[in-house]
Amino acid sequence: MAAANYLRSEDQFLCSICLDVLTDPVSTSCGHNFCKTCITEHWNTNDRFLCPVCKKAFTTRPDLCVNTLLSEMVSQFRQSAQQDASSSSSEQQVSKPGEVPCDVCAGTKLKALKSCLVCLVSYCETHLEPHLTASGLKRHQLIDPVENLDSRMCTKHDKPLELFCKTDRTYICMLCSVLDHKTHEFVPLKEEYEGQKAELGKTEAEIQQMIQKRRLKIEEIKRSADLSQEDADRAIAEGVQVFTSLKERVERGQAELINTIKEKQERAEKQAQAFIRELEQEISELMKRRTEVEQLSRSEDHLHLLQSVQTLNTNQPPATRDWTEVSVPPPSYEGTVSRAVAQLEQDLSTEMIKAELRRVQKFAVDVTLDPDTAHPYLILSDDGKQVYDSDVRKKLPDNPERFSKCTCVLGEQSFSSGRFYFEVQVKGKTEWTLGVARESISRKETIRLSPEDGYWTVCLSNGNEYEACENSLVLLSLRSQPQKVGVFVDYEDGLVSFYDVDAAALIYSFTSCSFTEKLFPFFSPENNDGGKNSAPLIISPVN
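Reading guide: rules and limits
Within any chain, residue numbers begin from 1 and follow the written order of that chain's sequence. For this predicted model, a pLDDT threshold of at least 70 governs which residues receive local features, and a threshold of 80 or more governs which side-chain atom pairs are given and counted, while totals over whole chains, interfaces and linings are taken from all residues. The basis for every side-chain value is the complete set of non-hydrogen atoms in the structure, without hydrogens or water. Helix numbering and strand numbering both begin at the N terminus, where a helix is a DSSP run of H or I of at least 4 residues and a strand a DSSP run of E of at least 2. Throughout, a contact is declared for two residues whenever any of their heavy atoms are within 4.5 Å. Here a polar contact is taken to be a pair of N or O atoms separated by no more than 3.5 Å, where protein atoms must pair a possible hydrogen donor with a possible acceptor and residues adjacent in sequence count only if both atoms sit in side chains. When DSSP finds at least two bridges between two strands, those strands are taken to pair. Whether a set of points on the 1 Å grid over the protein atoms alone is a cavity depends on a 1.4 Å probe fitting there but being unable to get out, while an open set qualifies as a pocket with protein on both sides within 12 Å along at least five of seven lines; lining residues are those with an atom within 4 Å of a point. Grid points are joined across faces, edges and corners, and a volume is the space filled by probe spheres set on the points. Each residue receives one of three labels: charged for Asp, Glu, Lys and Arg, nonpolar for Ala, Val, Leu, Ile, Met, Phe, Trp, Tyr, Cys and Pro, and polar for the others, Gly being one of them. Whenever a carboxyl oxygen of Asp or Glu lies within 4 Å of a side-chain nitrogen of Lys or Arg, that contact is scored as a salt bridge. The classification of residues rests on relative accessible area computed with a 1.4 Å probe and restricted to protein chains. Under 20% of the type maximum is buried, over 50% is exposed, and intermediate values are partly exposed.

Another aspect to go through is the environment of Ser 122. Considering the arrangement of structural elements, one finds Ser 122 in strand β6 (residues 121-123). Taking the C-alpha atoms as reference points, Ser 122 and Val 146, 24 residues apart in sequence, are found 7.5 Å from one another. If sequence neighbours within four positions are ignored, Ser 122 has contacts with Val 100, Pro 101, Cys 102, Asp 103, Val 104, Ala 112, Lys 114, Ser 115, Val 146 and Leu 149. Side chain to side chain, Ser 122 and Ser 115 meet in a polar contact 2.7 Å long.

And the structure:
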C-alpha cells in the first residue's frame, strides 16, 4: 500500500510511446515499462530491437510478459482517478443557492443547464440528453436556465405565452389570439424579441455614446481645471513678484523721504551753528573791547587816558553784523510727504502697468494684413507686416471685403473667443488709427469709428492729439508720444486695452463691451499728407 501511495502520480503510469496510461504493462530487461501493444508494434516496424527510452539494443527479440504488480497498480490508479473525476463532477453540478435546480432530479438537485419553454421544465446535463438526441424533442426551444417557468404560462388557458399583443402591449397564448385578442395586432414573441433587442442595441449604443461624451467632458473639465490651476499659480507668482517690487518701492520711497527731511534738518542745523560761531566770535571781540575800556576808565593819569582813548577809538564799536533781521526758521516739511507719496503712487502705477503688460503679452498672436480688405491707396509689404498710404489709387478688384471710402485694412486673423494681443510700431507718424473691428462693419461707405458702429480704436491726429474713439470722442493726455502701441482684447470679459509699450503705460481701455461676432485687427495709416505721414504702420514681434 505504501508503494501504491508513492506512485499515485499519473506520470509514473504513462507509456513512453503512446504517452497515455499503461495498458497491459510489460517491462524490458533494462527496467522500462510500455504498453504491450505499443512496444510490439514499435519492434515490428524497426529492423533492430532497441529500448525506446535508453536505446539499449537486444540481439534477439525479447519475450514480453505482463508486469502483474504494475498492472494492478495501474488498475487502482484508473479507479481512483475515475472516482476523483466523478466526485469533482458531482460537486460542480450540485445546485447552489441562487442557481436554477433541475426539476427532474430526485433527491439531490443538480444544477440546471437549460430550461425548455415547451415542457416548462429545467434540466441538468443528464436529464437534458433526450432534448439533444430525440428528434421530437429537438424542436423544443431551449434557453438558459430560469426560475418560475409557470409565469410563462397563460393563466387563463394554461398554454405557453407564445405571442405578443401590440394593441394591449401584453403577452398571450395561441388561444388568446383567436378568442380575446382576435381583432388585435400580434406577433410571435421571437419577432417582438428581435425588434426589442435591436432597440436595446440602439439604446445601448446611444447610452455608450452619452457615456463617452461625458467621459470626454470629464477630460475637458480636468484639462480646464489643470489650466485654471496653472493660471492661478502663474497669477500668484506674478502677484508675489509685483507686490514684492511694490514693497521694495515703498521702502525705498520711505527711505528717500526720511533722507530728504534729514538733509533739510542738517542744512538748518549747519546754518544755525555757523550763526552761533559768528555770534560767539563777535561776543569774544566785544568782551575784549569792554575789558580794555574798563581798564582805561580806571586810569587816573589824565594824559594817558586821553591818548589811549584816541588810539582805541572808543567812539566807534568793533565791526559786527546787524543781527536784527537774522534768524534760522525751522525747515518746512509741508509738501515733502505729499510729493513723496505722489511720486510713490506714480511709481506703483508704473510698476502695476508693467506687470499687466507682461501678463497680456503672453497672449501674443501672429497678425498679418489681409490684402483683400486693403483700400486701393494702401501699399502692403510682401510679408503682410507693414502698410502705408501711397496717395495713388491702384486698380484692384472691388470685392465685398475691400474698404472703398477709408484708407483702412484688416488683419487676416479673426477671433471669436479668448484673449489675444499684438503690437504695432507707429514711430515717425503724425496720424494713425489702431484697434479691432467686428466682421459686419461697412466696407463701402464712409465709416464712423465708434463701438456702436463696430469699432474699438484709438487714434493720433495733428501730430500730438490722441483720442479714444468712443461713441463720443475722448481726448487723451499722454506723458509721452508712443512709438509702439500694444492692443489687447479679452473677448469674454468685453475688454479692449491699448498700451504704450516702451513707456509701459496704459493709453486707454474700452470696458463692458459686448462682442457677438468675429473680431479682426484694424489698421489705418491715415493719409500720406504730402509725405509728412509716409511712415508705415509696422506689426512688430512681441518681446
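The rest of the description comes next.
Below, the discussion takes up the sheet that holds strand β22 (residues 519-524). Reading across from one edge, β13-β22-β15-β16-β17-β18 is the order of the 6 strands in this open sheet, with antiparallel pairing throughout. For this open sheet the edge positions go to β13 (409-410) and β18 (474-476), each flanked by a neighbour on one side alone. Examined bridge by bridge, strand β15 (residues 432-438) and strand β16 (residues 455-461) share 6 bridges and lie antiparallel to one another. Bridge assignment links Ala 437 to a residue of β16, and that residue is Tyr 455.

Here we take up the layout of surface pockets. In this structure, the largest pocket occupies an estimated 760 Å³ of space. Taken together, 19 residues line the largest pocket, and the ones lying closest to its centre are Leu 117, Gln 141, Arg 152, Leu 161 and Leu 189. Per element, the largest residue contribution to the lining of the largest pocket is 6 residues, and it comes from helix α6 (residues 189-297). Residue composition of the lining of the largest pocket, by class: 10 nonpolar, 3 polar and 6 charged. Of the volumes computed, that of the second largest pocket is approximately 320 Å³. Contributing to the lining of the second largest pocket are 15 residues, with Thr 350, Arg 479, Ala 504, Ala 505 and Leu 506 lying nearest its centre. Among the elements of the structure, α8 (336-360) and β21 (505-510) are those that each provide at least two residues to the lining of the second largest pocket. Of the residues forming the lining of the second largest pocket, the biggest block, 4 residues, is contributed by α8. For the lining of the second largest pocket, a count of residues per class yields 8 nonpolar, 5 polar and 2 charged.

Mapping Asp 347 onto the fold places it in helix α8. When the C-alpha atoms of Asp 347 and Phe 522 are compared, they prove to be 32 Å apart, with 175 residues separating the residues in sequence.

All chains considered together, the criterion is met by 12 salt bridges. The salt bridge involving Lys 217 is made with Glu 220; its shortest N-O contact spans 3.2 Å. Highlighted residues: Lys 217 and Glu 220, both in helix α6, separated by 3 residues, approximately one helical turn. Salt-bridge contacts for Glu 294 lead to Arg 298; the nearest nitrogen and oxygen are separated by 2.5 Å. Judged by its relative accessible area of 36%, Glu 294 falls in the partly exposed class. Connected through shared salt-bridge partners, Arg 448, Glu 452 and Asp 453 make up one network.

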